[in-house]
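As a plain string of letters, each chain reads:
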Amino acid sequence: MAKKKKLNTVDLNRFSAKSVSEESKLIRVKVLIVCEGEKTEPNYFRSFSQIANGSGYVYDVTTEGGGINTLWVVDKAAELKKKAESIGQPYDTVWAVFDKDSFLDQNFDNAVVKARKLGIGCAWSNEAFELWYVLHFDSRCTAMSRKDYQHIIEARVNGSGKYQGKGKYVYKKNDKAARTILTTCGDEMLAVRYAERLHKQFEGTAPHSANPCTTVYELVRLLLGQDKNFNDAIKHSVDK
């Protein structure tokens, strides 16, 4: 991780609730997230970009989407990570985001192992990314199909009484407002707790057999400024 410097200037329109003196203390953190999906996951994670949180950091999130398979996503993340380092502009953290879907069990498990070996964070979901959305409302313990995910998300959003759209909510994979809808009608921190609990229940189980399970909560917790180890590492690079 490269040595970081405190920001002297920031686009204050993005942080209008803070004073100029507070803005000068914010630290810009470069995050690369390479996703299997072309729009759903990239759109979701872009919503965290340029937002200050309690950690005192501003996340500059770069997303790449449209991978062919799970291993390709990890390879692409590794390629972009190495390229950034070669030009002296390394990312502070690099993540690969992918689902089990219909990919071979071996490929899915190998992608998780390979990411760890390369120092790349791995936010995987079994069976699909939409499980993370469902966990904003419900704790799940049984396997679900994509159709199940969509039905539950729609039912919970419409039943929340907080949806502000016209007519009934219909889930769309590429919805740029997905996170806004989820945090308005559901509970993001509840999703983090539910996902972490599921993950612990499958401890020692091969990822392809852990269904339902998602580690997306680890990346979201980091982007919310709540990953203590990551925060400490950034602080150390600033204080050098």
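Draft legend 1. Focus on the packing of helix 3 (residues 70-86) against helix 4 (residues 105-117). Put simply, helix 3 and helix 4 touch, their axes get as near as 8 Å, and they point 15 degrees apart. Comparing their axes, helix 4 and helix 3 come out roughly parallel. In terms of crossing hand, the pair formed by helix 3 and helix 4 is left-handed. Note on element contacts: helix 4 touches helix 3 through Asn107, Phe108, Asn110, Ala111, Lys114 and Ala115, opposite Thr70, Leu71, Val74 and Asp75. Across the contact of helix 3 with helix 4, the residue classes break down as five nonpolar, three polar and two charged.

Draft legend 2. Spotlight on the environment of Val94. By the element assignment, Val94 lies in strand 3 (residues 93-99). Considering only alpha carbons, one finds Val94 and Val34, 60 residues apart in sequence, at a separation of 7.9 Å. Filtering out sequence-adjacent residues up to four positions away, Val94 remains in contact with Leu32, Ala77, Lys81, Ile120 and Gly121.

Draft legend 3. Region of interest: the pattern of salt bridges. Under the criterion given, the structure shown has ten salt bridges. One salt bridge in this structure joins Lys173 and Glu130, with 2.9 Å as the shortest N-O distance. On the criterion of sequence distance, the pair formed by Lys173 in the loop between helix 6 (146-159) and helix 7 (178-185) and Glu130 in helix 5 (residues 130-134) is long-range, its members being 43 residues apart. Taking relative accessible area as the criterion, Lys173 reaches 44% and is therefore assigned partly exposed. For Glu130, a relative accessible area of 3% puts it in the buried group. Between Arg156 and Asp138 there is a salt bridge whose closest N-O contact spans 2.9 Å. With Arg156 in helix 6 and Asp138 in the loop between helix 5 and helix 6, this pair connects stretches of sequence that are 18 residues apart. By relative accessible area, which is 34% here, Arg156 ends up partly exposed. Taken together, the salt bridges that share partners define one network made up of Glu196, Lys200 and Arg221.

Reading the values: rules and limits
Residues numbered from 1 in each chain as written. Predicted model: local features only at pLDDT ≥ 70, side-chain atom pairs only at ≥ 80, totals over all residues. Heavy atoms only, no water. Axes fitted to C-alpha atoms, helices over the stretch in contact; angles between N-to-C directions. Helix = DSSP H or I, 4+ residues; strand = E, 2+ residues; numbered from the N terminus. Parallel < 35°, antiparallel > 145°, perpendicular 65-115°, else oblique. Left-handed = near helix turned anticlockwise from the far one by under 90°. Contact = heavy atoms within 4.5 Å. Nonpolar A, V, L, I, M, F, W, Y, C, P; charged D, E, K, R; others polar. Salt bridge = Lys/Arg side-chain N within 4 Å of Asp/Glu carboxyl O. Buried < 20%, exposed > 50% of the residue type's maximum accessible area, 1.4 Å probe, protein only.

Structural measurements only, silent on function.
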